[in-house]
Amino acid sequence: MKHTLAVLVENKPGVLTHISGLISRRAFNIESIAAGYTEEPDMTRITIVVEADDEYVLEQVVNQLSKLIDVIKIIDLTGQDRVHRELALIKVTATPETRADILNIVEIFRAHVVDVNKETVIVQLTGEERKIDAMCELLEDYGIREIVRTGRIAICRGPVSAKEV
Amino acid sequence: MNKLIDGTLIARDPETVWEDEESLSATAGIGAKVLLDVLANEGVEVIFGYPGGSLLTLYDALLDSPIRHVLPRHEQTCVHAADAYARISGKVGVCMATSGPGAANLVTGIANAYMDSIPIVIITGQVPTHLLGSDSFQEVDITGMTFPITKHSYLVKDAEDIPRIVKEAFHIAGTGRPGPVLIDLPKNIIAAEVTDPRPPKVSLKSYKFFTKGNSGQVEEAAKALAQSKKPVVYAGGGVITSGAGPVLRELIEKADIPVVTTLMGIGSVPSGHTNLLGMVGMHGTITANLAVNDCDLLIAVGVRFDDRVTSGLKHRFATKAKVIHIDIDPAEIGKVIRTQIPIVGDARLVLEELFQKVIPPDIPEWWEQLRRWQKEYPLQYEQDGHLNPQTILETMGKVGGENAIVTTDVGQHQMWAAQFYPVRSSRQFITSAGLGTMGFGFPAAIGAQIAKPDRLVFLVTGDGSFQMNIQELATTVQYQLPIKIILMNNGVLGMVRQWQKMFYNERFSQIQLHANPDFIKVAEAYGIPGIRVESPEQVETALQKALAIPGPVLIDFIISPDEVVLPMVPPGKAITEILGGNV
């Protein structure tokens, strides 16, 4: 089962390495990890998606992560009512013959074209992973040159913020 | 900050909130000077260190500091000695080494302290900040290398941070579940001016630890104990760290319940106490292991269900028991064993509360059973006329008195010492438990003797382990440390040989220590007298002679390579498959 962890950490060098190192040592695969600044200047928020079948082992990892001095708080967002999104940039081969078809797909997915040249277009898409996967599958027929994805970020619905959970 | 508990200082007092002393005598100056001032203010009396290029400014400032510096012959000794100093004194141990190879040589010792939850602060030199990350001379990424084996680490990039970081480091190392904290100091940082040498109040919003256990849970524990028919207390290193030995003893006496200890817990209950069933685990007593296997209530205090105790069989360990787990580290709860009554808190505070609430259970049948096992499976060895290692340890206990400190290396001699040396109190038996570091013993003896100059210190070692840090004979002489070195010399790597004998069809591979030196001549070369003992009759006289000599002495006990440590629960086997007991 996939778990989404929101990890609030002190904005200090090496924190990301520490966290990913600890998780991988405990034999979890990190599916994605995304970090960025937050509403507080000295706090970074890291969203981690891990695949864990054993809840017990996951609890262990959360406990171990909590011991890191620079970790302020960890929230397992998995069971929570939440919004999660990912951003993808996809460079697709687009000849004059195929460009219209590609733009059609882009429109259906409510994506955007952010760059265009004689050979390719770059498509920007925001959404849940499944949506991005689906569009990539369709674009594959035209020739995908490059994909870059941010990994999932997530936030709880409602007025309460993660640090207050 | 420091408080006296059964005669020893402990670095942390869980009942008081961390307060800053305003009395800091530090004045402005360069980073090195301010560092030493703040260390002195933290109560540091001794640093085990080894100089080098990156630390030259610090060693210069050291000449004007009241802090004593001890110079061993290898950086590994610095960290092991600081570790043992902490174990003996209850204070935070401090060691330092230069950048690159100096820092890298500390790694094993840091891991050792981490595994046994020992509070030490490690100071490493580092190349100047403008050379960081450029593979410069004597540069290693020591904070990166030691990340998984430190409780926390700092790479100081601004000299003004030194007072705060040192203060935080001591706070983190010595509170909660103790552990090693590393401070990496670039060469230009210790030379830079610090304008404000006063450390700010420690404010770590992300660092918290529990002290008092949840009273409701303690109530539950007391209830479970009152209803239990077959309770056992399983006591570990956390009991010693928290100074819970005396209250544990009161508890088991008031409730009249049996207790087993781990290797780290030796000394928490005095040897020979009627309620003590001995050590549990791979080389523990059969009674202790059977008791844990059969109990209906396991009261685990300051332990982590290590695989040397559970035999790696978490689903077959104490299966009939309800488990109460008292530990200061919430991550230990449920890590190995599912716990019915978890209590997160300081072992001493929790046991004190439990002591107030305890109702002695009525367990005459259980005691009958335990006494039957003790009679049937005593801890024994065959006195075959040869020089048995167990005899040496028993005699040491007799002639050494109640207060002797024992440090051990790792291997057969360590297990014999754990089984046969009569340890009477906490902080008396110092051994590398979790990491099992050969070479730990001699540095540990040095750290112990520096911490307690007036007490008798025995080093129990083997010819394999001893040669891993044999160069410290020089340190022993230089600082006139009257350590009595008990060398169990069998010419082989005994524990490896034992496993090859038992589990690899006696196919002995790389265990012969051919070309061992004449250890007495080696000792004499350093000016240390040596005594050789080859028969059991000579043991007592030799030990008495060694004790009569005011300085260090080496006794070379020639024992047979065929001696084995028994009983033994083979790894991955249940207690019923114990060797050396016919259970």
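Not measured: the values here are computed from a predicted model.

## Considering the overall build of chain A
Okay, so step 1: Along its length, chain A carries four helices and nine strands.
Okay, so step 2: Projected onto its principal axes, the C-alpha coordinates of chain A cover approximately 55 × 30 × 30 Å.
Okay, so step 3: Considering chain A as a whole, with its 165 residues, one finds that 26% of them fall into the buried category.
Okay, so step 4: For chain A, restricting intrachain contacts to residue pairs at least 6 apart in sequence, the fraction spanning at least 24 positions comes to 72%.

## Section: the overall build of chain B
Okay, so step 1: Regarding its fold elements, chain B presents 23 helices and 22 strands.
Okay, so step 2: Against the 2.2 N^0.38 benchmark of 25 Å for 583 residues, chain B shows a C-alpha radius of gyration of 24 Å, consistent with a compact globule.
Okay, so step 3: With the C-alpha coordinates aligned to their principal axes, the bounding extent of chain B is approximately 70 × 60 × 40 Å.
Okay, so step 4: Within the span of chain B, comprising 583 residues, buried residues form 56% of the whole.
Okay, so step 5: Long-range contacts, defined as pairs at least 24 residues apart, comprise 78% of the intrachain contacts of chain B with a sequence gap of at least 6.

## Structural notes on the sheet that holds strand 21 (residues 530–533) of chain B
Residue and element names in this part refer to chain B.
Okay, so step 1: Pairing is parallel in the open sheet, where six strands are placed in the order 18-17-19-20-22-21. Here the strands that pair on one side only, and so sit at the sheet edges, are strand 18 (429–430) and strand 21.
Okay, so step 2: Here strand 17 (residues 405–408) pairs with strand 19 (residues 457–462) via four bridges, running parallel. Directly across from Val-406, in strand 19, lies its bridge partner Phe-458.
Okay, so step 3: Sitting on the sheet, helix 17 (residues 412–420) is in contact with strand 17, strand 19 and strand 20 (484–489), with an inclination near 135° to strand 19.

## Re the interface of chain A and chain B
Okay, so step 1: Taken together, the contacts link twelve residues of chain A with eleven residues of chain B.
Okay, so step 2: Those elements that place two or more of their residues in the side of chain A that touches chain B are helix 1 (15–25), helix 2 (55–67) and strand 4 (71–76) of chain A.
Okay, so step 3: Looking at the side of chain A that touches chain B, the element that brings in the most residues is helix 2 of chain A, giving four residues.
Okay, so step 4: Residues that form the side of chain A that touches chain B fall into these classes: three nonpolar, five polar and four charged.

## Things to note about the domain arrangement of chain B
Note on interface size: it is often stated as the accessible area lost on association of the parts.
Residues and elements named next belong to chain B.
Okay, so step 1: Per the domain assignment, the segments making up chain B are domain 1 (3–194), domain 2 (215–376) and domain 3 (389–558).
Okay, so step 2: Put simply, the middle of domain 1 and the middle of domain 3, counted by C-alpha atoms, are 29 Å apart.
Okay, so step 3: Taken together, the contacts link 24 residues of domain 1 with 25 residues of domain 3.
Okay, so step 4: Counting only elements with at least two residues in the side of domain 1 that touches domain 3, the list comes to strand 4 (46–50), helix 3 (75–89) and helix 5 (107–115).
Okay, so step 5: Among the elements that make up the side of domain 1 that touches domain 3, the one with the highest residue count is helix 3 (eleven residues).
Okay, so step 6: Classifying every residue of the side of domain 1 that touches domain 3 gives eleven nonpolar, nine polar and four charged.

## Comments concerning the pairing of strand 3 (residues 43–51) of chain A
Residues and elements named next belong to chain A.
Okay, so step 1: Sheet topology note: the strand 1 (residues 2–10)/strand 3 ladder contains nine bridges and is antiparallel. The partner of His-3 across the bridge, within strand 3, is Val-50.
Okay, so step 2: When strand 2 (residues 29–37) meets strand 3, the two strands line up antiparallel, connected through eight bridges. For Ile-30, the partnering residue across the bridge sits in strand 3 and is Val-50.
Okay, so step 3: Between the end of strand 2 and the start of strand 3, which pair antiparallel, lie five residues.

## Quick notes on helix 18 (residues 441–451) of chain B
Okay, so step 1: Judged by how many residues are buried, helix 18 of chain B sits mostly within the fold: eleven of eleven residues are covered.
Okay, so step 2: Residues B:Gly441, B:Phe442, B:Pro443, B:Ala444, B:Ala445, B:Ile446, B:Gly447, B:Ala448, B:Gln449, B:Ile450 and B:Ala451 constitute the buried set of helix 18 of chain B.

## A look at the sheet that holds strand 14 (residues 297–301) of chain B
Sheet strands pair by backbone hydrogen bonding; their relative direction is either parallel or antiparallel.
Residues and elements named next belong to chain B.
Okay, so step 1: Taken together, the six strands give an open sheet; going across it, the order is 13-12-11-14-15-16, and neighbouring strands pair in parallel fashion. Because the sheet does not close on itself, it has two edges, and the strands there are strand 13 (276–279) and strand 16 (341–344). Strand-to-strand, the axes of this sheet are offset by a mean angle of 15°, without reference to chain direction.
Okay, so step 2: In this sheet, strand 15 (residues 322–327) lies alongside strand 14 in parallel orientation, the contact comprising five bridges. Residue pairing in the sheet places Leu-297 in a bridge with Lys-322 of strand 15.
Okay, so step 3: Against the sheet, helix 9 (residues 215–227) makes contact with strand 11 (231–235), strand 14, strand 15 and strand 16, and its axis sits at roughly 135° relative to strand 16, the strand it touches most.

## Here we look at the domain arrangement of chain A
Residues and elements named next belong to chain A.
Okay, so step 1: Looking at the assigned domains, one finds that chain A contains domain 1 (2–76) and domain 2 (84–153).
Okay, so step 2: Here domain 1 and domain 2 have C-alpha centroids that lie 30 Å from each other.
Okay, so step 3: Counting residues at the interface gives six residues for domain 1, matched by five residues for domain 2.
Okay, so step 4: Every element with two or more residues in the side of domain 1 that touches domain 2 is listed here: strand 2 and strand 3.
Okay, so step 5: Looking at which element gives the most residues to the side of domain 1 that touches domain 2, the answer is strand 2, with three residues.
Okay, so step 6: A class-by-class count of the residues in the side of domain 1 that touches domain 2 yields three nonpolar, three polar and no charged.

## Observations concerning the packing of helix 3 of chain B against helix 5 of chain B
Residues and elements named next belong to chain B.
Okay, so step 1: Contact pair helix 3 / helix 5: the axes reach a minimum separation of 7 Å and the direction vectors enclose 20°. Taken together, the axes of helix 3 and helix 5 lie roughly parallel to each other. The handedness of the crossing between helix 3 and helix 5 is right-handed. Contact residues: Gln-76, Val-79, His-80 and Asp-83 in helix 3; Thr-108, Gly-109, Ile-110, Asn-112 and Ala-113 in helix 5.
Okay, so step 2: Considering only residue class, the contact of helix 3 with helix 5 consists of three nonpolar, five polar and one charged.

## Things to note about the packing of helix 16 (residues 389–400) of chain B against helix 17 of chain B
Residue and element names in this part refer to chain B.
Okay, so step 1: Running from N to C, helix 16 and helix 17 point in directions that differ by 50°, and their axes come no closer than 9 Å. In terms of orientation, helix 16 and helix 17 fall into the oblique class. The hand of the helix 16/helix 17 crossing is right-handed. Along its contact with helix 16, which presents Pro-389, Gln-390, Leu-393 and Glu-394, the element helix 17 presents His-413, Trp-416, Ala-417 and Phe-420.
Okay, so step 2: A breakdown of the residues in the contact of helix 16 with helix 17 according to their chemical character gives five nonpolar, two polar and one charged.

## Observations concerning the nonpolar core
Okay, so step 1: B:Ile120, B:Val121, B:Tyr234, B:Leu298, B:Val301 and B:Ile486 are the most contacted members of the largest nonpolar core, which totals 203 residues.
Okay, so step 2: In terms of residue count, the dominant contributor to this core is helix 3 of chain B (eight residues).
Okay, so step 3: Apart from the residues lying within four places of it in its own chain, the contact partners of B:Leu298 are B:Val232, B:Tyr234, B:Val292, B:Ala318, B:Ala321 and B:Val323.
Okay, so step 4: Among the nonpolar cores identified, the runner-up in size contains 13 residues, and A:Val92, A:Ile102, A:Val123 and A:Met135 belong to it.

## Quick look at the confidence of the model for chain B
Residue and element names in this part refer to chain B.
Okay, so step 1: Mean pLDDT over chain B works out to 93, with 95% of the residues at or above the 70 mark.
Okay, so step 2: Counted against residues more than four places away or in other chains, residues 1–23, with its pLDDT under 50, gives 34 contacts.
Okay, so step 3: Across the whole predicted complex the pTM is 0.92, and at the interface the ipTM reaches 0.85.

## Observations regarding the environment of B:Ala28
All names here are of chain B.
Okay, so step 1: You can see Ala-28 is positioned in the loop between strand 2 (8–10) and strand 3 (29–30).
Okay, so step 2: For Ala-28 and Val-399, which are 371 residues apart along the polypeptide, the C-alpha to C-alpha distance reads 53 Å.
Okay, so step 3: Leaving out residues up to four positions away in the same chain, Ala-28 has contacts with Val-194, Thr-195 and Pro-197.

## Section: unusual backbone geometry
Residues and elements named next belong to chain B.
Okay, so step 1: Cis geometry is found at the peptide bond from Leu-566 to Pro-567, where omega equals -5°.
Okay, so step 2: Structurally, Pro-567 is set in the segment after strand 22 (553–558).
Okay, so step 3: Not every positive phi belongs to a glycine, and Ala-318 is a case in point at roughly 45°.
Okay, so step 4: The residue Ala-318 is located in the loop between helix 13 (307–310) and strand 15 in this model.
Okay, so step 5: The class for Ala-318 is buried, based on 24 C-beta atoms found within 10 Å.
Okay, so step 6: Of note, Arg-427 is a non-glycine position whose phi angle comes to about 60°, a positive value.
Okay, so step 7: Within the secondary structure, Arg-427 is located in the loop between helix 17 and strand 18.

Parameters and conventions
Residues numbered from 1 in each chain as written. Chains lettered and ligands numbered in written order. Predicted model: local features only at pLDDT ≥ 70, side-chain atom pairs only at ≥ 80, totals over all residues. Helix = DSSP H or I, 4+ residues; strand = E, 2+ residues; numbered from the N terminus. Buried ≥ 20, exposed ≤ 12 C-beta atoms within 10 Å, placed from the backbone. Contact = placed C-beta atoms within 7 Å. Rg over C-alpha atoms; globule rule 2.2 N^0.38 Å. Pairing = 2+ DSSP bridges. Axes fitted to C-alpha atoms, helices over the stretch in contact; angles between N-to-C directions. Nonpolar A, V, L, I, M, F, W, Y, C, P; charged D, E, K, R; others polar. Domains from an automatic or database assignment. Parallel < 35°, antiparallel > 145°, perpendicular 65-115°, else oblique. Left-handed = near helix turned anticlockwise from the far one by under 90°. Core = buried A, V, L, I, M, F, W, Y, C linked by C-beta atoms within 7 Å. pLDDT = per-residue confidence, 0-100.

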